[in-house]
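# A look at the structure
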Amino acid sequence: MKPPANKHKQNAEMNVVPYIDVMLVLLVIFMVTAPMLTQGVQIELPKVEAQALPSENEQKILTLSVKNDGSFYWNLGDELDIRGETGNAADVDAMVEDVSAIVAREANVQVFIRADEDAVYSMVVSGMASLQQAGVTQLGLITEAPQ
């Protein structure tokens with residue numbers, strides 16, 4: 001007597017449908033949680049000692065300071081100078097106009113921004129964003145060591 005013929009052959013291929021289902025569920029979870037990750041949390045930033053970044057010798061440094069009243073002053077030189085003043089502006093638009101003209105005129109300028117600790121954060125950020133939109137690509141922040 002002959003054994004009954006198997007109507008279905010064995011399939012050696014891997015069934016990927018469960019893996020696709022898991023991937024789609026993870027995709028939906030990440031799409032739902034991603035907007036929640038951009039929420040801000042109020043924190044106090046620590047004061048730390050940071051080492052100065054090395055710079056090229058031919059590079060000019062423009063030190064831009066933001067005062068607590070929202071005005072700006074800057075100094076252009078061969079080294080970081082927080083005391084000197086080669087220009088000033090009362091608002092962001094005037095500062096961007098003057099600083100972007102300096103950056104366009106000079107060959108290799110690094111802009112360092114320092115702000116008074118009582119300066120409004122939005123003034124500092126709007127100054128940085130405006131400079132970036134005006135074509136300033138080399139921006140850095142200055143901090144001071146705790147006393």
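Notes on the structure in this doc start here.

Rules used in this analysis
- Residues numbered from 1 in each chain as written.
- Predicted model: local features only at pLDDT ≥ 70, side-chain atom pairs only at ≥ 80, totals over all residues.
- Heavy atoms only, no water.
- Helix = DSSP H or I, 4+ residues; strand = E, 2+ residues; numbered from the N terminus.
- Buried < 20%, exposed > 50% of the residue type's maximum accessible area, 1.4 Å probe, protein only.
- Contact = heavy atoms within 4.5 Å.
- Areas by Shrake-Rupley, 256 points an atom, 1.4 Å probe, with all protein chains shown as cover.
- Patch = residues over 30% accessible without salt bridge, like charges linked within 9 Å, V, L, I, M, F, W, Y side chains within 5 Å.
- Salt bridge = Lys/Arg side-chain N within 4 Å of Asp/Glu carboxyl O.
- Lys, Arg positive; Asp, Glu negative; His and termini not counted.
- Charge placed at Lys NZ, Arg CZ, Asp CG, Glu CD.
- Core = buried A, V, L, I, M, F, W, Y, C linked by side-chain atoms within 4.5 Å.
- Pairing = 2+ DSSP bridges.
- Right-handed = clockwise from strand over helix to strand, strands pointing away.
- Polar contact = N/O pair within 3.5 Å; in protein donor to acceptor, adjacent residues only side chain to side chain.
- Axes fitted to C-alpha atoms, helices over the stretch in contact; angles between N-to-C directions.

## Things to note about the overall build of the protein
Counting its secondary structure elements, the protein contains three helices and five strands. N-terminal to C-terminal, the α/β element order of the protein is α-β-β-β-α-β-α-β. Considering the protein as a whole, with its 147 residues, one finds that 24% of them fall into the buried category. Of the contacts made within the protein by residues no fewer than 6 positions apart, 58% connect residues no fewer than 24 positions apart. Per element, the accessible surface of the protein, about 11,900 Å² overall, is 56% carbon and sulfur.

## Focus: a negative patch on the surface
Taken together, the side chains of D91, D93, E97 and D98 define an acidic patch exposed on the protein surface. Here D93 shows up in helix α2 (residues 92-105). Looking at D93, the relative accessible area reads 60%, which means it is exposed.

## Examining the nonpolar core
Within the largest apolar cluster, 19 residues are counted, with the highest numbers of intra-cluster contacts made by L62, L64, W74, M95, V99, V111 and L131. Elements that contribute at least two residues to this core include exactly β1 (60-66), β2 (72-77), α2, β4 (109-115) and α3 (121-133). Those residues within four positions of L131 in sequence are excluded, and the remaining contacts are L64, M95, V96, V99, V111, I113, V136 and L139.

## Quick notes on the pairing of β4
By the criterion of burial, β4 is predominantly enclosed, with six of the seven residues buried. Across three bridges, the pairing between β4 and strand β5 (residues 139-141) is parallel. In the strand pairing of β5, V111 is matched with L139. As a crossover connection, the stretch from β4 through α3 into β5 is right-handed.

## With respect to the side chain of Q110
Counting through the fold element by element, Q110 comes out in strand β4. For Q110, a relative accessible area of 14% corresponds to the buried category. Separated by 3.5 Å, the side chain of Q110 and the backbone oxygen of Q138 make a polar contact. In this structure Q110 touches Q59, K60, I61, L62, Q138, L139 and G140, once residues within four positions along its chain are discounted.

## Quick word on the pairing of β1
Extensive coverage of β1 is indicated by the burial of six of its seven residues. Looking at chain direction, β1 and β2 are connected through six bridges and run antiparallel. When the sheet's bridge partners are listed, S65 is paired in β2 with Y73.

## Concerning the sheet that holds β5
The strand order across the open sheet formed by five strands is β3-β2-β1-β4-β5, and the pairing between neighbours is mixed. Across the chains shown, the open sheet's two edge strands, defined by having one partner strand only, are β3 (87-89) and β5. For this sheet the average axis-to-axis angle between neighbouring strands, irrespective of direction, equals 25 degrees. With respect to the sheet, α2 is in contact with β1, β2, β3 and β4, its orientation differing from that of β2 by roughly 10 degrees. Across the sheet, α3 is in contact with β1, β2, β4 and β5; its angle to β4 comes to roughly 165 degrees.

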